[in-house]
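Inside the fold
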Amino acid sequence: MKTYFSSYRPASIRRHRPTNTLMPFCQGGFSLFELLITLGLMAIISSLAIPSYQDAIEKRRVTNGAETILSFVTIAQGESLKRNRAITVSYSASEDGTWCIGAAVGDTDCDCTITDPTETAFCAIEGTEWVLRNTDVASDNLVSVLSGDGAYAFDPVRGIFKDPADSMVLAINSGSGEFQMNLSVINTGKISVCLPSISQPIPGFDQCVQEM
């Protein structure tokens, strides 16, 4: 007697056919040509982005320097009015890149390069040192003197210069020389920051105009 077996088997006991291990395995990747194109595009983008980034750093260096010095001389002028005493601002910029600005009570110049508080010419107001140096803003070669004899004194009543012939104009320069701002204090006591005609535009600041 023949016995017939059904070819049906439950799913739980079906055997899966083994996959063909000889089937080639496909991998994705870059060809040498595609890699060269990608590197070329990256080089072009970098060549365009790096100068813009450097310009932004140079502009920030100039504006930070100008704003810091502007704040210093403005506070010195305010101290003269508040204390009802003359305040003399002294400044110095050397060829080696070092510079400083100092303030002291009275009509006599102080020396902002002096660091010893026991010396007579030490720049101080009521015993407190009043000096801004290149080391304070971590920036050498930032300041050069365009005009002025190294000091001026504020009148304590009106905030103007005691000597009408005095003036101060400082050039605030970027490291590359691409950007410059001028900080000026004139005998009326007006303090301003502007861009000379040779300077590239810096947002938020106007071109300098000749005072009448």
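Scroll up a little and you will see the structure.
Residues numbered from 1 in each chain as written. Predicted model: local features only at pLDDT ≥ 70, side-chain atom pairs only at ≥ 80, totals over all residues. Heavy atoms only, no water.

**A look at the overall build of the chain**
Within the chain, the regular secondary structure consists of one helix and ten strands. Listed by position from the N terminus, the elements making up the chain come as α-β-β-β-β-β-β-β-β-β-β. Per-residue burial for the chain yields a buried fraction of 34% across its 212 residues. Within the chain, residue pairs in contact and separated by at least 24 positions form 51% of the contacts whose partners lie at least 6 positions apart. Counting every atom, the chain has about 14,200 Å² of accessible surface; 56% of that belongs to carbon and sulfur. (Helix = DSSP H or I, 4+ residues; strand = E, 2+ residues; numbered from the N terminus. Buried < 20%, exposed > 50% of the residue type's maximum accessible area, 1.4 Å probe, protein only. Contact = heavy atoms within 4.5 Å. Areas by Shrake-Rupley, 256 points an atom, 1.4 Å probe, with all protein chains shown as cover.)

**Regarding the packing of aromatic side chains**
In this structure the tally under the stated criterion is four aromatic pairs. Both rings, one in Tyr152 and one in Phe154, keep their centres 5.2 Å apart while their planes meet at 85 degrees; by these two values the pair is edge-to-face. On the basis of relative accessible area, Phe154 is assigned to the buried category, the value being 0%. Aromatic rings pair up to connect Tyr152, Phe154 and Phe161 into one cluster. (Phe/Tyr/Trp six-rings, centres within 6.5 Å; stacked < 30°, edge-to-face > 60°.)

**Concerning a nonpolar patch on the surface**
A cluster of nonpolar side chains, namely Leu32, Leu35, Leu36, Leu39 and Met42, defines an oily patch on the protein surface of about 520 Å² accessible area. Of note, Leu36 is situated in helix H1 (residues 32–83). On the accessibility criterion, Leu36 (53% relative accessible area) is exposed. (Patch = residues over 30% accessible without salt bridge, like charges linked within 9 Å, V, L, I, M, F, W, Y side chains within 5 Å. Salt bridge = Lys/Arg side-chain N within 4 Å of Asp/Glu carboxyl O.)

**So, the pattern of salt bridges**
Oppositely charged side chains can form a pair if their charged atoms are brought close together. A full pass over the atoms with the stated rule returns six salt bridges. Close ionic contact of Lys82 with Glu79 constitutes a salt bridge, the shortest N to O distance being 2.9 Å. Separated by three residues within a single helix, Lys82 and Glu79 lie in helix H1, roughly one turn from each other. Take Lys82: its relative accessible area is 61%, and that puts it in the exposed class.

None of the figures reported here should be taken as evidence of function without further support.
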